[in-house]
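This is what each chain is made of:
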Amino acid sequence: NYRDRTLWSKEGNLLKETGNSLIISNVASDNVGTYQCRIDYGDVSITSASRLSISDIILDLKADNYFVSVGDSTLLTCISNDPDTVIEWIVDGIKTSNGVITVSPTESKISLANLRTYVRVQCAGQRNEEVALSDQVVIRVRGFIVHPSSKPQQYSEIVTLRCQVQSHNIVSLTWMLNDQKMEAETKEYAFMSTMLSILTTSQLGLYRCIAKFSDGINISSQPASITRISLELLSDLGMQGKSTTLTCSVSGYTNPDIITWTRESDVVFSDSSCSYDAVSRQCTSEYVINAVSIEHLGSYNCIANYLRYMTAYKSPSYHFKLLGFKDPPKDIVAIATRPTKISFNYENSDPVKTETIECSSDNGTVQYHSTETKGEVSTWSGVVTTEEKNLSYTCTIRYSNGYIVTSSPAHITILDNPVIEAPQQTLFGKMARVSIAVNYLDIVPVIGWKINSDSTIETSSAIQGSQIVSTMSWPVVDTTTISVTVYYRDLELAVTESATIKPIGVEDVSVMRVAADVYNLTCTVLTQNLDVSVSWYKADLLLDKTIEVELNGGKMLSVLSLYSLSDEDYGEYVCRATFTHSSETSSVVFSLKRQCKVLPIENAILTNSSETVEHNEIVNVICGTEQVQMKCVNGEFDFTPLNCPVLAGSKSSLLIQLLTGVGILVLLVIVAVSVYGISRNRAQQRTVTPVTPRPDLQLCRITKDITKERFGN
């Protein structure tokens, strides 16, 4: 790009020559000197210098062949007139020692192999610091660097063939079909010393590319064939135990050297004697399968190998079908006493159809379940139920052409039925322990627990012999359903066991005030319809006079009535339920607390009008501008004594004082009368036989109150 700006000089003197090369013809002594070239890049200059000298060393370089074909080799010889020179080789401007052969101090040879394009070669003779160069020799290469390649065809599809030739004197490229010149339109491209030709065609035959050079020499490319290959089976279906023949037919203008048969990509047969018919242009190869069995099923291909062209063609795949079992019955694992599914796939192709299918085990016939067909493959399913440990089963298919196929025996491994161990009843609120033992063989099963359909529980497992035992504990407060699923993942086998645990015993004890001086202590017992005895105790003394009421849903109520409470009536009561079938006892302690008497407070207003309040009941007191709450705790109020101020001059304060005074007087009278009456009654009760309560009327009140409290109106 800068040849117009290149300057040459000798010994500092500018020469008139410009350009990238300075050519000196007929070198003489006056040409000896130092030469320099300079290229200017704007403000930057680049220079390079070299000295030319005349040597008395004479080098003679010759080549065996100055024109070679692509991929060929040639030998060059360099002879020096001075034995003191060291001969070196320069190929395309680069010194090399590859392929150099030293014959003598004055003779050296170099072999250039596998040439793909032209090369420039020189030899150099060096003596001390003096270097002499021989004339440059150009080895020109011509020939095909791209040959047309053979193409297989399944149908009449269009294929593309290419050929490319290397030479400096190429004139034309011509396509030949079956040794006849083609008139088809081609695309040609010339690149320096190469020419490329592209041909599109769909005709079967043998193709070549002819290159014509200016020196009258013509060369031919390697041949390529467009051939059509197909796979044909003389028998659509194989019969188990019988022979069948597969036929591969190759159509084309060339005969393959070897036909290779493969099944699932594995070579099963090689045929080097394929008979070629020149009229039909077909080669036929046969592969005979003797005693057809399940092992012969699979995808088959035949491959036509053209060794002389270093190519091979593969046929479309054909899936060889066999009447009988596609996937034969397999060994299964079953749970004892539980139905287990047996299934297998079989060929059901036209024109031969199945008539009957039966499976039987050692202890009887397998019950038919269903048949499902997809295309030419059907799936038969049956169910077998057994408790025997060692069993086998076979299946038989009868076809419409009378052919019968019987499977090999398949083994049935029987696992023990998992047994869940769980109590039927557990005391209310207590932990119920549940476990299950299952076989695990060589496969450890996955065991999943669920409590009332909730699977988020913790369990523990341990291997004991040939079983794995999984255990869990759960507090039972209501009817609980526990289910365990044992899943053998690799076998796709799952079995579920479940158990129901019901709580028994005392569920709750409550107190209800049914009248001013009457309290009912109610004990709710979960009986689950079992025989049970309910007792009441106070200070380890057995109490009587209780009433029992049976309710639906496995419950019972035991009611203890208390009348005219005294100080001795307060305290802890125990309701105890004893189940006769298991001698299990459940009890709940209940404390009956004292009431608090409401006394007037000076200058205060009490919002509660009752004389007494129950344990834990709250009374609101207005004291001046404040409001205070008093809580009854076992007979006493838990508050600090109040000193309520009087609002001076207000009518309301005088009225409050008046009402308070009158109220206190009335209250004192009531208290005195009440104390006298109570004392008299108690004295009478201690000396007179206690009055027996009317159970019928009391039961009516109990039932009414309990029903309203627990079940609504």
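On a predicted model such as this, the values are computed, not experimentally measured, just so you know.

Turning to the overall build of the protein, a few remarks are in order. Across its full length, the protein holds two helices and 63 strands. The 713 residues of the protein split such that 37% are buried. Taking the intrachain contacts of the protein between residues at least 6 apart in sequence as the baseline, contacts between residues at least 24 apart amount to 58%. As presented, the protein carries roughly 41200 Å² of accessible surface, and 49% of it is formed by carbon and sulfur atoms.

What follows is about the sheet that holds strand 4 (residues 44-52). Pairing is antiparallel in the open sheet, where four strands are placed in the order 2-1-3-4. Edge positions in the open sheet fall to strand 2 (13-18) and strand 4, since each of these has one partner strand only. Strand-to-strand twist across the sheet, computed as the mean angle between neighbouring axes with direction ignored, equals 30°. As judged from the five bridges shared by strand 1 (residues 6-10) and strand 3 (residues 33-41), these two strands associate in the antiparallel manner.

Per the counting criterion, the structure on display carries five aromatic pairs. Taking the centre distance of 6.5 Å and the plane angle of 20° together, the rings of Y189 and F191 count as stacked. Y189 gets classed as partly exposed once you look at its relative accessible area, which sits at 36%. Ring centres of F269 and Y287 lie 5.7 Å apart, and the angle between their planes is 20°; this geometry places the pair in the stacked category.

Turning to the state of the cysteines, a few remarks are in order. This structure, assessed with the given rule, holds eight disulfides. One disulfide bridge connects C248 with C302, the sulfur atoms lying 2.0 Å from each other. Its torsion about the S-S bond being 55°, the disulfide of C248 and C302 is classed as right-handed. Of the two residues, C248 is situated in strand 25 (residues 244-251) and C302 in strand 30 (residues 298-306); the sequence distance between them amounts to 54 residues. Both residues of the pair, C248 and C302, count as buried.

Moving on, we get to the nonpolar core. I436 and W449 are the most contacted members of the largest nonpolar core, which has 24 residues in total. If you list the elements that add at least two residues to this core, you get strand 34 (332-335), strand 45 (431-439), strand 46 (446-451), strand 48 (467-475), strand 49 (480-488) and strand 50 (493-515). With sequence-adjacent residues up to four places away left out, I436 is seen in contact with P418, V419, I420, I447, W449, I468, V469, S470, V484, V486 and E497. Ranked by size, the runner-up nonpolar core spans 23 residues in total, among them L323, I332, V384 and I397.

Another point: the pairing of strand 27 (residues 266-271). Of the pairings in the sheet, the one linking strand 26 (residues 258-263) to strand 27 comprises five bridges and is antiparallel in character. Paired with I259 across the two strands is D271, which belongs to strand 27. Between strand 26 and the antiparallel strand that follows it, strand 27, lie two residues; E264 among them carries a positive phi value of about 55°.

Take empty space enclosed by the protein next. The tally for this structure, following the rule as stated, stands at one cavity of 30 Å³ or more. Taken together, Y118, R140, V141, Q166, S167, H168 and S193 form the lining of the largest cavity. Taken together, the residues of the lining of the largest cavity sort by class into two nonpolar, four polar and one charged.

The next point concerns unusual backbone geometry. Glycine aside, a negative phi is what most residues show, and trans is what most peptide bonds show. In this structure, N26 takes a positive phi of about 50° despite not being glycine. Judged by relative accessible area, N26 falls into the exposed class, the value being 74%. Even without glycine at this site, N178 takes up a positive phi of about 55°. One can find N178 in the loop between strand 17 (170-177) and strand 18 (180-181). By relative accessible area, N178 is classed as partly exposed at 32%.

If you trace the four strands from one edge of the open sheet to the other, you get 33-35-39-38, paired in antiparallel fashion. In this open sheet, the two edge strands, each paired with only one partner strand, are strand 33 (325-327) and strand 38 (367-374). Taken over all neighbouring pairs, the strand axes of this sheet differ in orientation by 35° on average, direction set aside. For strand 33 and strand 35 (residues 340-347), the ladder comprises two bridges, and the chain directions are antiparallel. If you follow F325 over to strand 35, its bridge partner there is Y346.

Along the polypeptide, E636 turns up in strand 63 (residues 636-637). On the basis of relative accessibility, which here comes to 60%, the residue E636 falls in the exposed class. Each C-alpha atom of the pair E636 and N616 lies 10.0 Å from the other, and the pair is 20 residues apart in sequence. If sequence neighbours within four positions are ignored, E636 has contacts with C596 and K631.

Our next topic: the environment of C209. Position of C209 relative to the elements: it lies in strand 21 (residues 205-213). The spacing of C209 and A224 is 15 residues in sequence and 9.4 Å in space, taken between C-alpha atoms. C209 has contacts with F144, C163, L173, T174, W175, I219, S220 and S221, leaving out every residue within four places of it along the chain.

Once that is clear, we can look at the pairing of strand 30. Of all the nine residues making up strand 30, eight are buried; the element is thus mostly covered by neighbouring parts of the structure. Where strand 26 meets strand 30, six bridges bridge the pair, whose relative direction is antiparallel. Bridging across to strand 30, T262 finds its partner in N301. Across three bridges, strand 30 lies against strand 32 (residues 318-323) in antiparallel orientation. Counted as the bridge partner of Y300 is Y318 from strand 32. Sheet topology note: the strand 30/strand 31 (residues 311-314) ladder contains four bridges and is antiparallel. Considered in strand 31, the bridge of Y306 is made with T311.

A word on the pattern of salt bridges. For the coordinates displayed, the defined rule picks out ten salt bridges. For the salt bridge of D56 with R127, the shortest nitrogen-to-oxygen distance reads 2.6 Å. In this pair, D56 is assigned in the loop between strand 4 and strand 5 (59-63) and R127 in strand 12 (residues 119-127), connecting sequence segments 71 residues apart. A relative accessible area of 53% means that D56 is categorised as exposed. D82 serves as the salt-bridge partner of R127, at 2.4 Å between the closest nitrogen and oxygen. Placement of R127 in strand 12 and of D82 in the loop between strand 7 (74-80) and strand 8 (86-91) is noted, with a sequence separation of 45 residues between them.

So, on to the confidence of the model for the protein. A residue-level look at the protein finds 84% of positions with pLDDT of 70 or above and a mean pLDDT of 79. Overall, residues 649-662 carries pLDDT values under 50, and its contacts beyond four positions in sequence, including any with other chains, amount to four contacts. The low-confidence segment residues 669-699, where pLDDT is below 50, has 13 contacts with residues more than four positions distant or belonging to other chains.

Here is what the cut-offs are and how they apply
Residues numbered from 1 in each chain as written. Predicted model: local features only at pLDDT ≥ 70, side-chain atom pairs only at ≥ 80, totals over all residues. Heavy atoms only, no water. Helix = DSSP H or I, 4+ residues; strand = E, 2+ residues; numbered from the N terminus. Buried < 20%, exposed > 50% of the residue type's maximum accessible area, 1.4 Å probe, protein only. Contact = heavy atoms within 4.5 Å. Areas by Shrake-Rupley, 256 points an atom, 1.4 Å probe, with all protein chains shown as cover. Pairing = 2+ DSSP bridges. Axes fitted to C-alpha atoms, helices over the stretch in contact; angles between N-to-C directions. Phe/Tyr/Trp six-rings, centres within 6.5 Å; stacked < 30°, edge-to-face > 60°. Disulfide = S-S within 2.5 Å. Core = buried A, V, L, I, M, F, W, Y, C linked by side-chain atoms within 4.5 Å. 1 Å grid on protein atoms, 1.4 Å probe; cavity = no way out; pocket = protein on both sides within 12 Å on 5 of 7 lines; lining within 4 Å. Points joined across faces, edges and corners; volume = space filled by probe spheres on them. Nonpolar A, V, L, I, M, F, W, Y, C, P; charged D, E, K, R; others polar. Salt bridge = Lys/Arg side-chain N within 4 Å of Asp/Glu carboxyl O. pLDDT = per-residue confidence, 0-100.

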